[in-house]
Amino acid sequence: MALYAFKRSAAVLLILTVMSVLVFLATHALPANTAALILGQYSTPETQAALEHKLGLDLPLPVQYWRWAAGILFHGDLGQSLVMERPIAPILWDALGKSAILSVAAMAVVATLGLAMGVVAAVWRGRWPDHVASVFAYLGISVPEFYWGLVLILVFGSTFRLLPTSGAASLSDGIAQFVAHLVLPVITLTLTLLAHVARLTRSSMIEVLDSTYVKVARARGLPERVVIMRHALRNALLPSITVLAQDFGFLIGGIVAVETVFAYPGLGRMLIFSLERQDLPMMQAAILVLTAVYCVANLGADLLYGVFNPRIRYGGAVD
Amino acid sequence: MQREFRVAPVSRRGALALGAAAVLSGRTAAAAGSILRVALAAGVGSLDPAKFRVGGMETNYAACVFNRLTRLDAAMQVQPDLAIRWEASHDLKSWTFHLHPDVTFHNGRKCTADDVVFTYRRLQDKAVASVMRAFLSVVSDIEAVDPLTIRFTLSMPYADLPAVTSGFQAMILCEATLDTLTTHPIGTGPFRFVEYRPGDRMLLERNPDYFNAGVPKVDSIVLQVMPENTTAVAALESGSVDVVYNLPPEQVERLSHNSAVRVAETASGNWFGIIMHNQMKPFDDPRVRQAIIKLVDKSSFTDIATFGHGTPTVSPIPPTHPYFRKDLLVGADIPGAKRLLAEAGLGDGLMLEMYIPGSSPPLERLATAFRDTAKQVGITVQLHIAPQDKFFAEMEGKVMFNADYFSGRPTPDLMLYAWYHSTGSWNNTLWHYSNPEVDQLLDEARGTTDTAQQAKLYGRFQEIIAKDGPGCVVFVQNFACAVSQKVQNFTTLPLMLMDLSSTALAS
């Protein structure tokens with residue numbers, strides 16, 4: 001297991017390194033000239049050159065990359081926002097924290113509801129609970145999240161005025177406020193993610209329920225509840241865990257639309273801001289952090305999978 | 001997303017949820033009283049006024065926290081701010097400003113002529129790279145004559161200096177606190193800065209020592225970033241914000257049916273128009289340009305582009321300005337356009353490619369209206385919508401024909417000179433127009449402070465442009481804010497600014 005974990009972690013590090021190069025190159029390949037953009041329409045080639053020099057944008061790309069990467073590696077320094085002229089790190093961690101709260105809350109709901117729906121649909125296969133679950137799941141996944149977001153805002157915000165439709169509250173504002181601000185964004189995210197988990201759980205449950213050992217368990221006269229929960233679900237869970245971990249990575253990157261619609265001050269919004277203002281260092285930092293979260297989520301999935309499935313853990317070899 | 005002085009995007013904004021009282025609790029004890037909550041589409045870039053480019057929260061926060069020497073009112077006339085009066089030498093090359101005697105910064109320091117000199121020298125510093133630097137190029141020296149008097153020495157006569165000093169970038173800074181300017185700005189304004197959470201919200205509190213007695217009326221202001229306007233409008237309807245800044249025309253209609261909300265609307269200085277490259281075929285022939293201008297029915301084009309929330313104009317001088325010549329607004333003249341095209345040898349029709357920067361629905365609708373009208377005279381227009389950054393980097397000024405938009409400037413000179421004078425920077429980028437009479441009018445107008453004379457000169461300018469301009473400025477967009485009925489004394493100004501200093505909330 002230790003070797004397996006080590007191998008997976010090394011792969012993640014390699015991916016992150018390659019990604020950092022790609023992120024760096026991609027942001028430098030953007031069409032507009034950064035100095036011209038910062039200085040605006042009254043800038044002259046002379047002032048642009050001066051600013052490029054000040055920002056180090058006139059150095060060769062490898063040198064620029066090394067300065068940037070070394071800053072992060074050796075000093076944990078993500079740099080200074082070009083536009084805001086303040087250090088990026090505190091802004092970034094704050095935004096990441098906000099996004100994490102939203103993502104974790106959404107994941108908790110997606111996991112519980114998705115697994116439950118999958119199991120229910122599999123057990124009552126072909127009957128009304130199965131149909132309801134699948135209509136619900138497909139409706140959620142077929143309609144883009146910004147649309148669900150707007151519908152929820154109009155229904156709960158404008159018409160019934162039940163829930164806050166925008167912003168985030170911190171715990172110091174009281175637990176009720178904190179939760180109330182999360183409800184609509186979490187419902188929106190859940191709707192879009194639910195289908196994935198629910199459908200996958202359903203199909204693996206069906207597969208397991210048809211297997212010989214479940215038949216044996218039933219033949220032994222075990223109560224159906226025990227058969228489903230202890231024998232079937234435990235084995236059917238494996239693929240669902242992977243999908244949930246991948247969804248988490250997807251979530252923290254794909255949260256942008258939801259954060260925008262609900263004016264939720266998270267990482268996605270920060271990324272949009274930096275893209276709009278062509279704030280290179282902030283853009284790089286935000287994309288890199290998103291990449292890292294995605295990688296770590298996948299690493300978590302791999303390791304969890306290893307814990308649950310000895311065949312993967314031992315890689316087929318004698319340990 | 002856009003360059004400085006570009007029209008701020010009109011499609012997105014947001015609002016604060018449930019009571020701001022809850023949001024504020026535990027952060028400021030002073031915030032217990034009345035709180036004005038304003039939703040804006042985007043957060044500030046820099047908190048440093050010298051760096052302002054886009055407008056929106058930037059300029060509106062600054063107007064709360066700082067003061068300028070002068071400011072512009074709803075008719076774009078210069079009014080005192082920190083300067084109580086000013087006078088020019090006879091040759092308009094030396095301007096003296098007198099400061100209000102009892103102004104203190106939020107940290108208790110007195111605001112003096114030295115702070116003003118510091119602010120302006122900083123704006124002129126190439127390293128600061130402020131957009132104000134170009135406007136201040138006529139200023140050769142700034143000195144403090146005494147603690148309450150500042151003298152500007154100009155390299156040429158310039159009548160509009162008191163309007164230039166109303167620039168948003170020229171907020172008077174406190175030299176001693178420069179190092180915390182981008183994290184905790186200190187100004188002299190009606191509100192004190194409390195905190196800014198990037199991308200989320202800014203909190204301002206009442207300045208009890210403000211030099212204008214009786215204002216401000218509210219205890220604190222929350223400027224909340226809400227990128228999506230549907231969210232902001234929903235928040236306004238549910239009472240969790242009081243003001244939605246810069247409402248797009250599409251949303252104005254929807255709110256006009258809600259009795260708890262009203263829309264404060266004024267013609268802004270942001271103009272939308274059709275740009276022709278005057279040195280490229282076929283626009284090098286003045287008859288073709290005149291024909292294009294004749295195709296534009298300003299009032300119907302305006303209605304189509306803005307759903308009735310724009311105002312037709314002749315030139316970048318907005319309809320709110322006293323120099324505006326309403327009598328020059330005429331409808332389309334299709335037969336006249338046909339005749340001119342025939343004279344130019346284009347009676348058999350022609351094909352034009354028109355480029356449009358994306359993310360501006362009004363501009364796209366304007367271009368579509370033009371395309372459909374042009375069919376009547378045999379002109380086939382192909383529209384190409386390009387992403388904004390690509391458009392501004394690769395197309396603007398390089399293509400023959402495009403639709404474009406610019407945001408307002410404080411004075412007629414700044415609105416026109418760069419665009420219409422043969423030496424003007426924008427003219428040499430966009431339309432390459434040269435008309436000696438226009439040059440002479442613009443030069444003369446910037447050298448006189450006599451408003452009657454200026455009105456005459458700019459009036460004549462509009463006459464020429466209306467018929468034989470380099471392109472066609474069609475309308476200015478209305479600047480609309482939605483406000484709850486409990487908000488009193490709320491004013492919108494043409495340069496997209498809200499005046500919140502005397503705004504009050506009914507309980």
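Computed from a prediction, not measured in an experiment: that's the story for all the values here.

**A word on the overall build of chain A**
So, step 1. Each helix and strand counted, chain A has 14 helices and zero strands in total.
So, step 2. The order of α-helices and β-strands along chain A, N terminus first, is α-α-α-α-α-α-α-α-α-α-α-α-α-α.
So, step 3. With respect to the principal axes defined by its C-alpha atoms, chain A has extents near 85 × 60 × 35 Å.
So, step 4. Within chain A, the proportion of its 319 residues that are buried is 41%.
So, step 5. A fraction of 72% describes how many contacts in chain A between residues 6 or more apart in sequence connect residues 24 or more apart.

**What about the overall build of chain B?**
So, step 1. Scanning chain B for helices and strands turns up 16 helices and 21 strands.
So, step 2. Scaling as 2.2 N^0.38, a compact globule of 507 residues should have a C-alpha radius of gyration of about 23 Å, and chain B matches this with 23 Å.
So, step 3. A principal-axis box enclosing the C-alpha atoms of chain B has dimensions of 75 × 55 × 35 Å.
So, step 4. Expressed as a percentage of its 507 residues, the buried residues of chain B come to 56%.
So, step 5. Contacts spanning at least 24 positions in sequence make up 73% of the contacts within chain B whose residues lie at least 6 apart.

**Topic: the environment of Val116 of chain B**
All names here are of chain B.
So, step 1. Tracing the backbone through its elements, the reader meets Val116 in helix H3 (residues 113–124).
So, step 2. When the 26 C-beta atoms within 10 Å are taken as the criterion, Val116 is described as buried.
So, step 3. C-alpha separation for the pair Val116 and Asn428, spaced 312 residues apart in sequence, amounts to 34 Å.
So, step 4. Those residues in contact with Val116, other than ones at most four positions away along the chain, are Leu69, Ile150 and Ile172.

**Side note on helix H10 (residues 334–343) of chain B**
Residues and elements named next belong to chain B.
So, step 1. Regarding H10, the residues found buried are Ala337, Leu340 and Leu341. Each buried residue of H10 lies within a common arc of 100° when the element is viewed along its axis, so the set occupies one face.
So, step 2. Just past H10, the residue Gly345 takes up positive phi, approximately 85°.

**What to know about the sheet that holds strand S5 (residues 94–99) of chain B**
Residues and elements named next belong to chain B.
So, step 1. Spatially, the four strands line up as an open sheet ordered S4-S5-S7-S6, and their pairing is antiparallel. Two strands lie at the open edges of the sheet, namely strand S4 (83–88) and strand S6 (139–146), each paired on one side alone. Taken over all neighbouring pairs, the strand axes of this sheet differ in orientation by 20° on average, direction set aside.

**Quick look at the pairing of S5 of chain B**
All names here are of chain B.
So, step 1. Judged by which residues are buried, S5 turns out to be one-sided: Trp95, Phe97 and Leu99 face inward and are buried, whereas Ser94, Thr96 and His98, on the alternate face, are not.
So, step 2. Direction of pairing for S4 relative to S5: antiparallel, over a ladder of five bridges. Across the sheet, residue Glu87 finds its bridge partner in S5, namely Thr96.
So, step 3. Between the antiparallel neighbours S4 and S5 lie five residues, among them Leu92 with a positive phi of about 60°.

**Focus on the environment of Gln64 of chain A**
All names here are of chain A.
So, step 1. Residue placement: Gln64 occurs in helix H4 (residues 61–75).
So, step 2. The exposure class of Gln64 is partly exposed, given the 17 C-beta atoms found within 10 Å.
So, step 3. Residues Gln64 and Gly174, spaced 110 residues apart in sequence, show a C-alpha to C-alpha distance of 45 Å.
So, step 4. Every residue in contact with Gln64, bar those within four places of it in the chain, is listed here: Gly56 and Leu59.

**Here we look at the packing of helix H5 (residues 88–123) of chain A against helix H13 (residues 280–308) of chain A**
Residues and elements named next belong to chain A.
So, step 1. At their nearest, the axes of H5 and H13 sit 11 Å apart, and the two run at 40° to each other. By the criterion of interaxial angle, the relationship of H5 to H13 is oblique. Note that H5 runs across H13; the crossing there is right-handed. Listed contacts from H13 to Ile88, Leu92 and Leu96 of H5 are Pro281, Met282, Ala285, Ala286 and Val289.

**Re the environment of Ile15 of chain A**
Residue and element names in this part refer to chain A.
So, step 1. Within the secondary structure, Ile15 sits in helix H1 (residues 2–28).
So, step 2. Using a count of 16 C-beta atoms within 10 Å as the deciding quantity, one classes Ile15 as partly exposed.
So, step 3. As for Ile15 and Gly126, which are separated by 111 residues in sequence, their C-alpha atoms are 43 Å apart.

**Remarks on the packing of H5 of chain A against helix H12 (residues 267–276) of chain A**
Residues and elements named next belong to chain A.
So, step 1. At a minimum axis distance of 7 Å, the contact between H5 and H12 shows a crossing angle of 135°. When the axes of H5 and H12 are compared, the pair comes out oblique. Here H5 contributes Ile91, Leu92, Ala95, Leu96 and Ser99 to the contact with H12, which in turn contributes Leu267, Gly268 and Met270.
So, step 2. Taken together, the residues of the contact of H5 with H12 sort by class into six nonpolar, two polar and no charged.

**A word on the pairing of strand S17 (residues 472–484) of chain B**
Regular strands place their side chains on alternate faces of the sheet.
Residue and element names in this part refer to chain B.
So, step 1. Where burial is concerned, most of S17 is hidden: 13 out of the 13 residues are buried.
So, step 2. Across two bridges, the pairing between strand S11 (residues 243–244) and S17 is antiparallel. Opposite Val244, over in S17, you have Ala482 as the bridge partner.
So, step 3. The pairing of strand S12 (residues 261–276) with S17 spans 11 bridges and is classified as antiparallel. By the bridge assignment for S17, Arg262 is matched with Val483.
So, step 4. Note: strand S13 (residues 310–312) against S17, three bridges, orientation antiparallel. Residue pairing across strands places Thr311 opposite Val476, the latter belonging to S17.

**Some details on helix H12 (residues 388–395) of chain B**
Residue and element names in this part refer to chain B.
So, step 1. Of all the residues in H12, the buried ones are Asp389, Phe391 and Phe392. Down the axis of H12, the buried set is contained in an arc of 165°. They therefore lie on one face.
So, step 2. The inward-facing, buried residues of H12 abut strand S14 (350–357) and strand S15 (379–386).

**Here we look at unusual backbone geometry**
Residue and element names in this part refer to chain B.
So, step 1. Residue Pro216 is reached from Val215 by a cis peptide bond, and omega for that bond is -5°.
So, step 2. Examined against the element boundaries, Pro216 turns out to sit in the loop between strand S9 (201–206) and strand S10 (220–225).
So, step 3. At the junction of Lys281 and Pro282, the peptide bond is cis and its omega measures out at -5° in the coordinates.
So, step 4. With respect to the helices and strands, Pro282 occurs in the loop between S12 and helix H8 (286–295).
So, step 5. Notably, His432 is not glycine yet its phi reads approximately 55°, a positive angle.
So, step 6. Phi at Asn489 is positive, roughly 60°, even though this residue is not glycine.

**Details of the nonpolar core**
So, step 1. Counting 229 residues, the largest nonpolar core has Ala286 of chain A together with Val244 of chain B as its most contacted members.
So, step 2. Element by element, the count of residues in this core is highest for H5 of chain A, at 14 residues.

**Here we look at the confidence of the model for chain B**
Residues and elements named next belong to chain B.
So, step 1. When pLDDT is averaged along chain B, the result is 87; 93% of the residues meet or exceed 70.
So, step 2. Taken as a whole, residues 1–31 scores under 50 in pLDDT and shows 117 contacts with residues more than four places along the chain or in a different chain.
So, step 3. Complex prediction metrics read pTM 0.81 and ipTM 0.75.

Each value, and the rule that gives it
- Residues numbered from 1 in each chain as written.
- Chains lettered and ligands numbered in written order.
- Predicted model: local features only at pLDDT ≥ 70, side-chain atom pairs only at ≥ 80, totals over all residues.
- Helix = DSSP H or I, 4+ residues; strand = E, 2+ residues; numbered from the N terminus.
- Buried ≥ 20, exposed ≤ 12 C-beta atoms within 10 Å, placed from the backbone.
- Contact = placed C-beta atoms within 7 Å.
- Rg over C-alpha atoms; globule rule 2.2 N^0.38 Å.
- Arc of directions from axis to C-beta.
- Pairing = 2+ DSSP bridges.
- Axes fitted to C-alpha atoms, helices over the stretch in contact; angles between N-to-C directions.
- Parallel < 35°, antiparallel > 145°, perpendicular 65-115°, else oblique.
- Left-handed = near helix turned anticlockwise from the far one by under 90°.
- Nonpolar A, V, L, I, M, F, W, Y, C, P; charged D, E, K, R; others polar.
- Core = buried A, V, L, I, M, F, W, Y, C linked by C-beta atoms within 7 Å.
- pLDDT = per-residue confidence, 0-100.

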